[in-house]
Amino acid sequence: MNYINAGDRSGCLSFLSGITNLSLIQCDLSCFLAQQSLPPVNSLSLEFLTDVCIALEKLEMDKSCRGLVVTSSQPKVFSAGLDILDMYGKSPEHCAEFWKAVQEMWLKFYGSNMITIAAVNGSSPAGGCLLSMTCDYRIMADNPRYSIGLNETKLGIVAPFWFKDTMVNTVGHRATEMALQLGLLYSPAEALKIGLVDQLVHEDQVLTTATETMTKWLAIPDHARQLTKSMMRKPTIDKLAANREADVNNFVKFITKDSIQKSLGMYLEMLKRRKA
Amino acid sequence: MNYINAGDRSGCLSFLSGITNLSLIQCDLSCFLAQQSLPPVNSLSLEFLTDVCIALEKLEMDKSCRGLVVTSSQPKVFSAGLDILDMYGKSPEHCAEFWKAVQEMWLKFYGSNMITIAAVNGSSPAGGCLLSMTCDYRIMADNPRYSIGLNETKLGIVAPFWFKDTMVNTVGHRATEMALQLGLLYSPAEALKIGLVDQLVHEDQVLTTATETMTKWLAIPDHARQLTKSMMRKPTIDKLAANREADVNNFVKFITKDSIQKSLGMYLEMLKRRKA
Amino acid sequence: MNYINAGDRSGCLSFLSGITNLSLIQCDLSCFLAQQSLPPVNSLSLEFLTDVCIALEKLEMDKSCRGLVVTSSQPKVFSAGLDILDMYGKSPEHCAEFWKAVQEMWLKFYGSNMITIAAVNGSSPAGGCLLSMTCDYRIMADNPRYSIGLNETKLGIVAPFWFKDTMVNTVGHRATEMALQLGLLYSPAEALKIGLVDQLVHEDQVLTTATETMTKWLAIPDHARQLTKSMMRKPTIDKLAANREADVNNFVKFITKDSIQKSLGMYLEMLKRRKA
């Protein structure tokens, strides 16, 4: 399988013009590589989430696109998760808008008809871990400096029920209970052990392994695979779909609390000091 | 525990006269061995399923029969699964009749009051895997040429929700999601690793181990064990019991589609060529 | 972390006067050690359960108490489980009262806002296993003579649905199905393997490890951890909370049956002979 720059496929990707921080590269006739390329750490901002959702929607409608490998072009990080700047010091309206975009991203990825493979070539905390868990298969770089997990409680916030449901579907109830209560970030080896990722390979081999894996998945008839995927995930998806507004209200009410804003502020300060 | 041919138990098994492809052998006073013996590969045809259900129903009513070991007398195969000839080129009425028999088999085995142990002494794809998953314990021959799994998607068809539920109850949500999407057939070693079977033994030891295991299970008071088994399985059983007709209609609508019939035809051709 | 006798904390523990078989020792400002000390084997009698519930309720209201380590001061046993003397030869009214206390204990522990860690320094069958499963983390002494499990079927009785739910949440559906049907008691090594306990340490290290673990859990902001714990456990708790009366009636009807009373009588005789 060769990587072909999407630009080479005349016309076909014109719908992606204007999406600057997600580069789509065509692997072969039936599969794309989606590279998150938003410096420095692919934070899932409102703008980036909107772009990602538009891209996914268009790919989903392109019948020739059957698979998607999701990865990062930024060094050392797959995705740093939700952008705290979209939750800190913002109006309730902005927070609501942001949360709807997070929901939309999850609904689109977890319910995608495409084969989705996460090539986790760097750290993947919080929303980054969620994004990788929505995929059908997760390959992670075997570098002990990278970590993955839903670490929300460490910031004083709480993963919503659909983050939790996705994790229960991936690693089971008990591992999720401990992971979420402690906000655990797992090393690649630990993540493999509990089933949070499916395979570890050398950093250099993440993309190659992802495309090889894709080839195996592409051998399965689409129709049967899609019905099966939907059967497995529909109850979980329906739960959020039926409660989007309540979930938004719940998030806005929680995140705009003085105590939570203070926690986020302290966390941002800590990040700044770390950089300096 | 000694095997006694059922014929030796005067009178008791007269209800089994006329059932030719399932030989029932009495192990001791409280346990039977059910040997599938339908050449060449114990395909679960409408006729065979009907026979199996009648036999199970009678054993269930015989209070002295507390346990059942299910195995195969055919070489290299435990059960090849549902008989495609009952789904290919058949009338919707025939397909409906067939599917009702598959449901009946599952309901009877998964809800059995007896201790059921699968002595998986050969390959066990699709419906064969389902049958073994309905049992309380699975012992498989440690022969790497054998495999087990729900491989429906590879044929372009989809495992119904109750196949899926049974697998989730056995190996959990994540392993099921991957197994079903890819139609994976597992080697004995892989099957043990994900919990699809409980124990591997040398091919020669499958039956002996099954009867030894049965002795351990027979030591548990029936009443308490049966109530416990029912508590674990009832929600899953109730789901199908409440939706049998819709599930039949769904199956018939799907399987009689031109595209699906074409897939099945190609699969049958492939099997013929392989034999030749 | 140093152990301070609760008596040293002037005033604060006065509410515990009169509770004789549960000694509460303060570890530091935010954590207590609850030592079951009811000779010979910490059987969960009606009286003891009542005391435990009162103590837990008071600790729960004391905002400065954020964590609880549960252990035993009796040699070789963490807890022998429910006291059979409260179910054998007793009036239906007494049995009902007893069962309500068992429910109350489970509801309080499984839904506790505190961090709860089980320091399982001895055998832990039946109700003892349940108690440890309600905790957030389980550390067991690595002594092969100790065992843990829900062994109700071996006595001819049946674990109720909320015992079952707690175990499914801990070790998954399949392991629970087998464990409950066979009434399995696991060695520490086996318990670790299926996830029934989280960690094994040398007998001398159980308490030290428990307090070290507590320190890690105390580092998580309470509010976020409590909301997360509640999200994970609320559906399971709600199921019993909505069905307490039916569950009591069900228990009383079952346990007062002649056949069940006879089983319990035989079991008590066996215990007596073993002692002699």
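Residues numbered from 1 in each chain as written. Chains lettered and ligands numbered in written order. Predicted model: local features only at pLDDT ≥ 70, side-chain atom pairs only at ≥ 80, totals over all residues. Heavy atoms only, no water.

This part takes up the overall build of chain A. Each helix and strand counted, chain A has ten helices and nine strands in total. Against the globule reference of 19 Å for 276 residues, chain A gives a C-alpha radius of gyration of 18 Å, in line with a compact fold. Across its three principal axes, chain A shows a C-alpha extent of roughly 50 × 40 × 40 Å. Taking all 276 residues of chain A together, 59% fall into the buried category. When contacts within chain A are restricted to residue pairs at least 6 apart in sequence, those whose partners lie at least 24 apart make up 73%. Looking at chain A as shown, the accessible area adds up to about 11300 Å², and 56% of this sits on carbon and sulfur atoms. Where the 28 positive side-chain charges of chain A centre and where its 28 negative ones centre are 4 Å apart. (Helix = DSSP H or I, 4+ residues; strand = E, 2+ residues; numbered from the N terminus. Rg over C-alpha atoms; globule rule 2.2 N^0.38 Å. Buried < 20%, exposed > 50% of the residue type's maximum accessible area, 1.4 Å probe, protein only. Contact = heavy atoms within 4.5 Å. Areas by Shrake-Rupley, 256 points an atom, 1.4 Å probe, with all protein chains shown as cover. Lys, Arg positive; Asp, Glu negative; His and termini not counted. Charge placed at Lys NZ, Arg CZ, Asp CG, Glu CD.)

Evaluated as defined, the whole model comprises 45 salt bridges over all chains. The salt bridge involving Arg225 of chain A is made with Asp222 of chain A; its shortest N-O contact spans 3.3 Å. Taken together, the residues Arg225 of chain A and Asp222 of chain A, both in helix H8 (residues 222-241) and three residues apart, mark about one turn of the helix. Arg225 of chain A sits in the buried class, given a relative accessible area of 0%. One salt-bridge network, in which partners are shared between bridges, spans Asp136, Arg138, Asp198, Lys229 and Arg233 of chain A together with Arg174 and Glu177 of chain B. (Salt bridge = Lys/Arg side-chain N within 4 Å of Asp/Glu carboxyl O.)

We now examine the interface of chain C and chain A. With 20 residues of chain C at the interface, the matching set in chain A holds 20 residues. Roughly 1700 Å² is buried in total at the junction of chain C and chain A, and carbon and sulfur atoms are behind 66% of that figure. One can count two salt bridges joining chain C with chain A. A salt bridge links Arg174 of chain A to Asp198 of chain C; the nearest nitrogen and oxygen atoms lie 2.9 Å apart. At the junction of chain C and chain A, the tally comes to seven residue pairs in polar contact (both at pLDDT 80 or more). With nine residues, the single largest contributor to the side of chain C that touches chain A is helix H8 (residues 222-241) of chain C. (Buried area = accessible area lost by both parts, 1.4 Å probe. Polar contact = N/O pair within 3.5 Å; in protein donor to acceptor, adjacent residues only side chain to side chain.)

With that out of the way, let us pick up the relation of the copies chain C and chain A. The operation relating chain C to chain A is a screw motion whose rotation component is 120°, with 0.0 Å of axial translation and a residual RMSD of 0.0 Å. Here the transformation between the copies is reduced to the relation of a three-fold axis. In terms of proximity to the rotation axis, the leading residue of chain C is Gly172 of chain C, whose C-alpha is 4.3 Å off the axis. (Least-squares fit on C-alpha atoms with pLDDT ≥ 70 in both.)

Now for the environment of Ile139 of chain A. All names here are of chain A. Topologically, Ile139 is positioned in strand S7 (residues 137-141). Take Ile139: its relative accessible area is 0%, and that puts it in the buried class. Sequence separation between Ile139 and Leu196 is 57 residues; the distance between their C-alpha atoms is 10.0 Å. Leave out the neighbours within four places in its chain, and Ile139 touches Ile117, Ala118, Ala119, Val120, Gln199, Val201, Val206, Thr209, Ala210 and Thr213.

We now examine the packing of helix H1 (residues 46-61) of chain B against helix H2 (residues 92-110) of chain B. Residues and elements named next belong to chain B. Running from N to C, H1 and H2 cross one another at 30°; their axes reach a closest spacing of 9 Å. By the angle between their axes, H1 is roughly parallel relative to H2. Crossing hand, H1 versus H2: left-handed. Of H2, the residues touching H1 (which contributes Leu46, Leu49, Val52, Cys53, Leu56, Glu57 and Glu60) are His94, Glu97, Phe98, Ala101, Val102, Glu104, Met105, Lys108 and Phe109. Taken together, the residues of the contact of H1 with H2 sort by class into ten nonpolar, one polar and five charged. (Axes fitted to C-alpha atoms, helices over the stretch in contact; angles between N-to-C directions. Parallel < 35°, antiparallel > 145°, perpendicular 65-115°, else oblique. Left-handed = near helix turned anticlockwise from the far one by under 90°. Nonpolar A, V, L, I, M, F, W, Y, C, P; charged D, E, K, R; others polar.)

Right, let's get into the interface of chain C and chain B. Contact residues are listed per partner, giving 20 residues for chain C and 20 residues for chain B. With both chains or domains summed, chain C and chain B bury close to 1700 Å², and 66% of this area falls on carbon and sulfur atoms. A per-residue breakdown of the area chain C buries against chain B is headed by His173, Arg174 and Gln181 of chain C, which together make up 40% of the total. Summed over the shared surface of chain C and chain B, the number is two salt bridges. Put simply, chain C and chain B have seven residue pairs in polar contact (both at pLDDT 80 or more) between them. Of all elements in the fold, only helix H4 (161-171) and helix H5 (173-182) of chain C reach the threshold of two or more residues within the side of chain C that touches chain B. A total of eight residues in the side of chain C that touches chain B trace back to one element, the largest contributor, which is H5 of chain C. Considered class by class, the residues forming the side of chain C that touches chain B number ten nonpolar, five polar and five charged.

Turning our attention to unusual backbone geometry. Looking along the chain, the bond that leaves Pro39 of chain A and enters Pro40 of chain A is cis, with omega of -5°. The backbone of Lys76 of chain A sits at a positive phi, close to 70°, despite the residue not being glycine.

Residue and element names in this part refer to chain C. Here Lys90 is to be found in the loop between strand S4 (67-72) and helix H2 (92-110). Look at Lys90 and you get partly exposed, because its relative accessible area is 35%. Between the C-alpha atom of Lys90 and that of Lys239, which follows or precedes it by 149 residues, the distance is 28 Å. Not counting residues up to four positions away in its chain, the partners in contact with Lys90 are Leu85 and Cys95.

Moving on, we come to the confidence of the model for chain A. Residue and element names in this part refer to chain A. For chain A, mean pLDDT is 91; residues scoring 70 or higher make up 93% of the total. In this model, residues 1-15 is a region of pLDDT below 50 whose contacts with residues beyond four sequence positions or in other chains number 33 contacts. Per the prediction output, this complex has pTM 0.93; the corresponding ipTM is 0.92. (pLDDT = per-residue confidence, 0-100.)

Residues and elements named next belong to chain C. With respect to burial, strand S5 (residues 115-120) is a largely interior element, six of its six residues being buried. Neither face of S5 is exposed, since Ile115, Ile117 and Ala119 on one face and Thr116, Ala118 and Val120 on the opposite face are all buried. As judged from the four bridges shared by S4 and S5, these two strands associate in the parallel manner. Bridging from a neighbouring strand, Val70 pairs with Ala118 of S5. A crossover connection joins S4 to the parallel S5 through H2; in handedness this β-α-β unit is right-handed. (Pairing = 2+ DSSP bridges. Right-handed = clockwise from strand over helix to strand, strands pointing away.)

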